[in-house]
Amino acid sequence: MMNRLNHLPTLKIDTAQKISYTYKGKSYYGVKGDTIASAMFANGVRIFGRSLKYHRPRGLYSLDGECSNTCMQVDGIPNVRCENTLLESGMVIEEQNVKGSAENDMMSFMDKLDWMMPAGFYYDVMHKPAKLWPVAMKQIRKAAGLGKISPDFKMPGKYDEVFLNTDVCIIGGGPAGMMAALSSAEKGLRVILMESRPWLGGFFEYRSAEYKDGQSLHDRATELAALVRAQENIRLFTHTACVGTYNNNLVTGFQIGKKSDVFDQRYVEIRAKSVVAAAGCIERPLLFDNNERPGVMQIACALRMAKTYGQLPGNKAVFSIGHDLGLEAAIELHDLGLTIECVADIREDGQDAVLLKQIAQRKIPLLKGWVAAKAFGRKKVKKVRLSSIDKMMRKTLECDLVVASAGVTPVTGHITVALGTLKYDNHTGCFLPDQMPENMFAAGRVLGLNDAMSIEASGTLAGLKASAACGLGSLEEIEKAAKIVEMLPGPVRGTKLVTAPVKGRKSFICFDEDATIKNIKQALAKGFDVPELIKRFTATGLGPGQGGIPGHNLPLYVAKCQTLPDVSIRPTNVRPPLVPTLISTYAGTNHTMFKTTAMDEMQRKDGGIFRNIGVWQRARYFSEDYACKKEIENVRNNVGMLDGSTLGKFRLHGPDALKALQRVYVSDMSKVKEGRIKYSAMCNDDGCVIDDGVVVKLGENDYYFTTSTGRAGQTIEWIRYHTRYDRWDFSLVNLTDSMGVINLSGPNARKVLEKIVDIDISNEAFGFSDYREFKIADTIPVRAMRLGFVGELSYELHVPASYMQSVWLMLKEAGKPFNIQNFGVEAQNVLRMEKCHIILGQESEQRTNLLDVGLGFLWNRSKSEAKTVGAVALAQAEHDQTRLKLVGFKTENNSRAPRDGALIVDQKVRGYVCTARDSFALNEAVGMALVDADLSKIGTRLEIYEDECGDDRIYGTVVKMPFYDPEGKRMKM
Amino acid sequence: MKDIKRVSPVKLKSNPLKTEKRDNWDIVMEYAGEGGGPYLVDLSHKPRLDLQNADVGAITPFGMTIPDSPGKCILQDGLLINRMNGTQASIYNLGYNLAGQEDVMMPDETGYTDVTESTICVAIIGKNIFSICEKLTALDFMSPEYVAPFLFQGPFSHVPCQIVTLSKAGDDSGIILTCSRGYGRDMIHSILDAGDEFNLKPAGENRFSDWISHL
């Protein structure tokens, strides 16, 4: 294990605390504060993985997870970004996408076959002959790809979510972000500060250069962080990457948990009044041959390896840079012991004079107007060829580290996903914010600034603007802050160089997808002249790095190739998640939110097998026999109990209650009599039936009605919508959850019920379609209805939900002599199907109208058409012979029932099976189907096609409905 | 008659230390291990009414004036009235059966519906309760724009709820939450799960009575 530099104030590691991990089956140690990547680097690992297509070796590059170079499998989870993931004790780390090992990958020969895989080769090559594609696809998928995951892999860890509200949300905890936070917080506003790294400080945090008056940038970062932490109204979220920004300043992100947190990762959703985008810059990769070879890394990566993790990134380095940060890094790393062979600076002039002097004092050779052209070394860098930009001079130097960067480029994803725009800035050579989204303000290096004071001042200004957007602050102070920014140094001149003077066969513009600048040229040659098209044709920027590496190089290179007079081309769109994270994090805690009835627990104890049905969990079966033979036969021959509490239940009262009923129900609701039930249906404006249920009259202008389970959630809105212009005075109350429902059904139902009630429930006193209110034991109020949905003597008892268990137990006790049994939703489904009682949604679909399902008898034509929803459409559809009709059918030759949804066919599709079951009561398979009108005649033979049935068909014959007890004697007994 | 009882939709797994029977409800007054807060208290037995009228603002239920705009609430002698919209208000009798409080019966006027059975009703009181809430909802309880008591009608753990904030005063903060009774099991699970890191524990009605009496 490498000896660490442990005297630096910028270190984020504690070398005294060792952390063990396993890599490829062997134990290693890192230290507290290490990322997986820094710990592995300390243990000599330089090749972390192999690339997607060509299986090229890949190593540390950005240290911020901007590419997939260091994606590995950790504790079984593929594609973990090891540069960003803190090392934890006991981690098991494996290489991915290698045959053999990352060091010796048997697939590395693919690198020689790049000529076979030009840009878009899968479009060009694989479609002819077509037969080749399935074979080739399998092989390509075997050879390519990043991590692998099994479909039944269970994600370990704890995932949480939090929904925050704030006045100002600041993205980026660097100096600009912290200054913005402080200036907004001083106004008394609520501020949230998000920082993707585990600590604050950003661009200042790891640097020893002077801030002011002898204070280092690192010390300044520490000072600002302390000020931020001291503000009670700033909520700090470190290790929290922003993944999206949306309309109305909705900001999303994910936070990595600390040991003390109750989550491993949590999804963060922030609703802010204003946003400050201060995410700083990343480095623009320098394009040269083998620019991704292990040993090539960006400036901040090399510097932070030393300053943050206490490791020299190499022994002998060559720098190829285009920014003063490169000079500063060379000086700092030299002073820490790194041998620097040479600094090649793209710039001929414009360097900071102080830095030049320090370079000279250290006798570091500096080549102005030079750039790295090619890195050598099969697996790791062994030497590098430098070239003057005009290609006149060349020089090859031995080294094991190439620190390479073309310059910096602002992190603008947070601005553009919120529909802000960028504009190329000729001075900085960067795409800078142009039109900002409403109430979003940019600050710091995002604006192209580099000077420490300017960065901070821009943060203050953005904080003031954000505060003003929240209604606090004055124009004067904003103007004053703006003047301060103006007086400080503005953006520095940036380099325009995109690529070294090379052909580019092995110059990678996108590491994740193995896309080279040669591929870009190939795409351009095929006429793809816009980055968005090139991106898709070459897959550039489509990898897990979310376009971080190619992001701004692609449009710059395309502009260069097209010799555009100005860079009017824009970077390609980025989309959330701006930083990749786990799907589990998006899922969050994922609480299951289902409704249960008051009988849920008791039914489970009775062996109920539950299913999710809409928003409810309901007992569908009471045994493993999913045909429910015993449950059905018990209801037909004895007595059973069903929990029907999910039924929609409503109270409609007030002077205009009847008018509202008349509007939405197709029947004449003035005929609802006290003590009687009225069954009716609701249609939409197209006459399509949307709901059915019963209505009872509780008193003067006071009604109680039921709806289907699935429709309950929309009923109030539906009635209010259809009476919105009438100014009627009525009130609607949803009592669905308030009242439980017990359906007591079967020939012995009366014998059971009469044991627990005090009223006369004989057929004469409480007949079919009657409604009664009574109390059980002088205590429990019950609304009872004589209905016959399952085709037997039935009582539907509506009971206050809190009393449901008591009534249920009373009925159970009373039913003991009869061996009363539960029955579930599936048994009910079969029972009512035998009786041809329809369930809307099962015997209907969106286009099915009232007449199609045979409920035309409910429609009262004497009501004024304009006043009943759907009546006009029903009148038009009444003589339409082209509509589907609901028919009953029996299968031929005693064959089994077809599956629900099976198609009725001849030469074309003629309808479909709504419900069909093997009937135990009838001893044959029966069902209902919606068929073309000409197939609805009794005796018509139906050909039924099931999924994957091949040439085998089921045949049925249209018969009269209902199948069971056609005279309805049993439910009226 | 002894078998007749009303069952709350809220099931809390702690062991009851003291219970009372009222109107066939078994009400837990104190649980074992209630801790130092925050607390989750089942109030589902407290009577709740729905009031609808085209001119609801002109009605004075139990002699109280209904707040003039939606979202506003009034708490007086344990009676909480929440203005829901232009024509509707909800009324929670939080003082029901509390010592010194008179029970409120259903008013004779039209427009009222007893909706006690329709919803679960819980109080979440004590320290850090808004940190628990923000794990379950995007509603902004801590906005200075809202002065307690105020009503939110919106999603809590993805379920439509009425949530009345009665206090935002640090460790004495408290909300009353109602949602469809059917969601009781899962709502309680999600609240306790979210509150676990803050040591949220089930508590008996005594905790609530003490707390509300100090408001």
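The shown structure was predicted, so the numbers you read here are calculated from the model rather than taken from an experiment.

A. Looking closely at the overall build of chain A. A count of helical and extended segments in chain A gives 24 helices and 49 strands. Across its three principal axes, chain A shows a C-alpha extent of roughly 115 × 70 × 55 Å. Each of the 973 residues in chain A was classed as buried or not, and the buried ones make up 54%. For chain A, long-range pairs separated by at least 24 residues make up 66% of all intrachain contacts whose partners lie at least 6 apart in sequence.

B. Quick look at the sheet that holds strand E18 (residues 316-321) of chain A. Residue and element names in this part refer to chain A. An order of E17-E24-E18-E19-E20 is seen for the 5 strands of this open sheet, with the pairing classed as parallel. Single-partner strands in this sheet number two, and they are strand E17 (296-297) and strand E20 (366-368). Strand direction decides the pairing type here: E18 and strand E24 (residues 401-404), joined by 4 bridges, are parallel. Paired with valine 318 across the two strands is valine 402, which belongs to E24. Strand contacts of helix H7 (residues 299-307): E17, E18 and E24, with the helix running at about 120° to E24, the strand carrying the most contacts.

C. Seen up close, helix H6 (residues 217-230) of chain A. Residues and elements named next belong to chain A. Under the 1.5 Å per step criterion, the end-to-end length of H6 is 20 Å for 14 residues, consistent within 8% with the ideal 20 Å. All buried positions along H6 are accounted for by Leu217, His218, Arg220, Ala221, Leu224, Ala225 and Val228. In a view along the axis of H6, the buried residues occupy a sector of 155°, so they form one face of it. Set apart from the buried face of H6 by more than 90 degrees, the exposed residues are Ala226, Arg229 and Ala230.

D. The arrangement of the environment of A:Lys972 in detail. Among the secondary structure elements, A:Lys972 is positioned in the segment after strand E49 (954-959). Separated by 594 residues in sequence, A:Lys972 and A:Arg378 have C-alpha atoms that sit 90 Å apart.

E. Representation of the confidence of the model for chain B in the model. Residues with a pLDDT of 70 or more make up 95% of chain B, whose mean pLDDT is 93. Prediction confidence for the complex, expressed as pTM and ipTM, is 0.92 and 0.97 respectively.

F. Summary view of the environment of A:Leu735. On the secondary structure map, A:Leu735 appears in the loop between strand E38 (731-734) and strand E39 (739-745). Under the C-beta neighbour-count criterion, A:Leu735 is labelled buried, with 23 such atoms within 10 Å. On a C-alpha basis, the gap between A:Leu735 and A:Tyr586 in space is 35 Å, while along the polypeptide they are 149 residues apart. Apart from residues no more than four positions distant in its own chain, A:Leu735 is found in contact with A:Lys649, A:Phe650, A:Arg651 and B:Ser118.

G. Spotlight on the nonpolar core. Ranked by internal contacts, the top residues of the largest apolar core, which has 168 residues, are A:Cys683, A:Leu744, A:Val807, A:Leu850, A:Ala929, B:Val122 and B:Ile124. Beyond its immediate sequence surroundings of up to four residues, A:Ala929 is in contact with A:Val887, A:Phe889, A:Ile904, A:Gly911, A:Tyr912, A:Val913, A:Cys914 and A:Leu942. The next biggest cluster of nonpolar side chains, apart from the first, holds 94 residues, and it includes A:Met297, A:Leu338, A:Ile346 and A:Ala515.

H. Main features of the sheet that holds strand E21 (residues 370-376) of chain A. All names here are of chain A. Strand order in the open sheet formed by 3 strands is E21-E22-E23, and the pairing between neighbours is antiparallel. The sheet is open, and its two edges are formed by E21 and strand E23 (394-398), each paired on a single side. Neighbour to neighbour, the strand axes of the sheet diverge by 25° on average, direction disregarded.

I. Just the interface of chain A and chain B, in detail. In this complex, chain A contributes 36 residues to the contact, which on the side of chain B involves 35 residues. Counting residues per element, the ones that place at least two in the side of chain A that touches chain B are strand E8 (159-171), strand E15 (265-277), E38 and helix H22 (804-815) of chain A. When residues of the side of chain A that touches chain B are assigned to their parent elements, the largest contribution, 6 residues, is made by E8(A). Counted by class, the side of chain A that touches chain B contains 16 nonpolar, 12 polar and 8 charged residues.

J. Representation of unusual backbone geometry in the model. Of note, the amide linkage connecting A:Met961 to A:Pro962 takes the cis form, showing an omega dihedral of -5°. By the element assignment, A:Pro962 lies in the segment after E49. Looking along the chain, the bond that leaves B:Gly37 and enters B:Pro38 is cis, with omega of 5°. Within the element layout of this structure, B:Pro38 appears in the loop between strand E2 (25-31) and strand E3 (39-42). Positive phi, normally seen in glycine, also occurs at A:Asp514, with a value near 55°.

K. Main features of the pairing of E3(B). Residues and elements named next belong to chain B. Covered by surrounding structure in E3 are Tyr39 and Val41 together with Leu40 and Asp42, the residues of both alternating faces. Bridge analysis of E3 against strand E13 (residues 201-203) gives 3 bridges, and the strand direction is parallel. Directly across from valine 41, in E13, lies its bridge partner alanine 203. In this sheet, strand E9 (residues 119-125) lies alongside E3 in antiparallel orientation, the contact comprising 4 bridges. Opposite tyrosine 39, over in E9, you have isoleucine 125 as the bridge partner.

L. Representation of the pairing of strand E10 (residues 150-156) of chain B. Residues and elements named next belong to chain B. Alignment of E10 against strand E11 (residues 159-167), held across 7 bridges, turns out to be antiparallel. Across the sheet, the residue bridging to glycine 154 is cysteine 161, located in E11. Hairpin remark: E10 followed by E11, antiparallel, with 2 residues in the connecting loop; positive phi at serine 157, about 55°.

M. Just the packing of helix H4 (residues 175-185) of chain A against H6(A), in detail. All names here are of chain A. At their nearest, the axes of H4 and H6 sit 10 Å apart, and the two run at 30° to each other. By the criterion of interaxial angle, the relationship of H4 to H6 is roughly parallel. In this structure, H4 meets H6 at a crossing whose hand is left-handed. Between H4 and H6, the contacting residues are Pro175, Met178, Ala181 and Leu182 on the first element and Ala221, Leu224, Ala225, Leu227 and Val228 on the second. Split by residue class, the contact of H4 with H6 holds 9 nonpolar, no polar and no charged.

N. Quick peek at the packing of helix H18 (residues 629-637) of chain A against helix H23 (residues 825-834) of chain A. Residues and elements named next belong to chain A. Running from N to C, H18 and H23 cross one another at 55°; their axes reach a closest spacing of 9 Å. Taken together, the axis directions place H18 and H23 in an arrangement best described as oblique. Crossing of H18 against H23: the hand is right-handed. Packed against H18, whose contacting residues are Glu631, Ile632 and Val635, the element H23 presents Ala827, Val830 and Leu831 at the interface. Its residues assigned to classes, the contact of H18 with H23 comprises 5 nonpolar, no polar and 1 charged.

Thresholds, definitions, all that
Residues numbered from 1 in each chain as written. Chains lettered and ligands numbered in written order. Predicted model: local features only at pLDDT ≥ 70, side-chain atom pairs only at ≥ 80, totals over all residues. Helix = DSSP H or I, 4+ residues; strand = E, 2+ residues; numbered from the N terminus. Buried ≥ 20, exposed ≤ 12 C-beta atoms within 10 Å, placed from the backbone. Contact = placed C-beta atoms within 7 Å. Pairing = 2+ DSSP bridges. Axes fitted to C-alpha atoms, helices over the stretch in contact; angles between N-to-C directions. Expected span 1.5 Å × (residues − 1). Arc of directions from axis to C-beta. pLDDT = per-residue confidence, 0-100. Core = buried A, V, L, I, M, F, W, Y, C linked by C-beta atoms within 7 Å. Nonpolar A, V, L, I, M, F, W, Y, C, P; charged D, E, K, R; others polar. Parallel < 35°, antiparallel > 145°, perpendicular 65-115°, else oblique. Left-handed = near helix turned anticlockwise from the far one by under 90°.

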